[in-house]
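Close look at the chain arrangement
Residues per chain, in single letters:
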Amino acid sequence: MDIYKPKIILDPDRLNLKSRFKVGDLVALSGDITVDMIIRDINKSRAGIVTKIRFFTKESFNYIADIKTICELEVLWTPGQQVTFEMENRLIKL
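Read on for an overview of the structure. These numbers come from a predicted model, not from an experiment.

With that settled, consider the overall build of the chain. Each helix and strand counted, the chain has 1 helix and 6 strands in total. Helices (α) and strands (β) of the chain occur, in sequence order from the N terminus, as β-β-α-β-β-β-β. Counting the 94 residues in the chain, one finds 31% classified as buried. A separation threshold of at least 6 residues defines the contact pool for the chain, and within that pool the share at least 24 residues apart is 60%.

Here the structure, examined in full by the defined rule, presents 2 salt bridges. For the salt bridge of Asp 25 with Lys 93, the shortest nitrogen-to-oxygen distance reads 3.6 Å. With Asp 25 in the loop between strand S1 (4–8) and strand S2 (26–29) and Lys 93 in strand S6 (residues 91–93), this residue pair connects regions lying 68 residues apart in the sequence. Taking the relative accessible area as the measure of exposure, Asp 25 reaches 18% and is therefore buried. As a salt-bridge pair, Glu 72 and Arg 54 come within 2.4 Å of each other at their nearest N and O atoms. Here Glu 72, found in strand S4 (residues 68–77), pairs with Arg 54, found in strand S3 (residues 48–60); they are 18 residues apart in sequence, far enough to count as distant. Exposure remark for Glu 72: the relative accessible area of 15% places this residue in the buried category. Take Arg 54: its relative accessible area is 25%, and that puts it in the partly exposed class.

A few words now on the side chain of Glu 88. Within the secondary structure, Glu 88 sits in the loop between strand S5 (82–87) and S6. Of the side chains with opposite charge, Arg 20 lies nearest to the buried Glu 88, which makes no salt bridge, at 4.3 Å. In terms of polar contacts, Glu 88 uses its side chain to reach the backbone amide nitrogen of Arg 20, at 2.8 Å. If sequence neighbours within four positions are ignored, Glu 88 has contacts with Ser 19, Arg 20, Phe 21, Cys 71 and Leu 73.

In terms of nonpolar packing, the biggest core is built from 12 residues, these being Ile 9, Leu 17, Phe 21, Val 27, Leu 29, Val 50, Phe 55, Cys 71, Leu 73, Val 75, Trp 77 and Leu 91. Sorting the residues of this core by element identifies S2, S3 and S4 as the ones contributing at least two each. The biggest single contributor to this core is S4, with 4 residues.

Turning to unusual backbone geometry, a few remarks are in order. At Asn 16, a position not held by glycine, the phi torsion is positive, near 60°. Residue position: Asn 16 is located in the loop between S1 and S2.

Rules behind the numbers
- Residues numbered from 1 in each chain as written.
- Predicted model: local features only at pLDDT ≥ 70, side-chain atom pairs only at ≥ 80, totals over all residues.
- Heavy atoms only, no water.
- Helix = DSSP H or I, 4+ residues; strand = E, 2+ residues; numbered from the N terminus.
- Buried < 20%, exposed > 50% of the residue type's maximum accessible area, 1.4 Å probe, protein only.
- Contact = heavy atoms within 4.5 Å.
- Salt bridge = Lys/Arg side-chain N within 4 Å of Asp/Glu carboxyl O.
- Lys, Arg positive; Asp, Glu negative; His and termini not counted.
- Polar contact = N/O pair within 3.5 Å; in protein donor to acceptor, adjacent residues only side chain to side chain.
- Core = buried A, V, L, I, M, F, W, Y, C linked by side-chain atoms within 4.5 Å.

This is the structure:
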């Protein structure tokens, strides 16, 4: 099992990191809903609003492994006003 340490990127513009979403975009979950998402009672028929975009690096404690950049979005789901953090690739624009 690989162990990673996440590190937030404070200035994504300096590294030219872009998300395909913007704060205020209306989104839904993509068609590949995982069991975890079903348990959390969020489904693709609900709409959400992107409220925050964050980038992380995922560095392995194994010095040979690659460093991965991850885009995470904070989404406010309606009508229940539930907030979750979702990976960019799990969302689609409405």
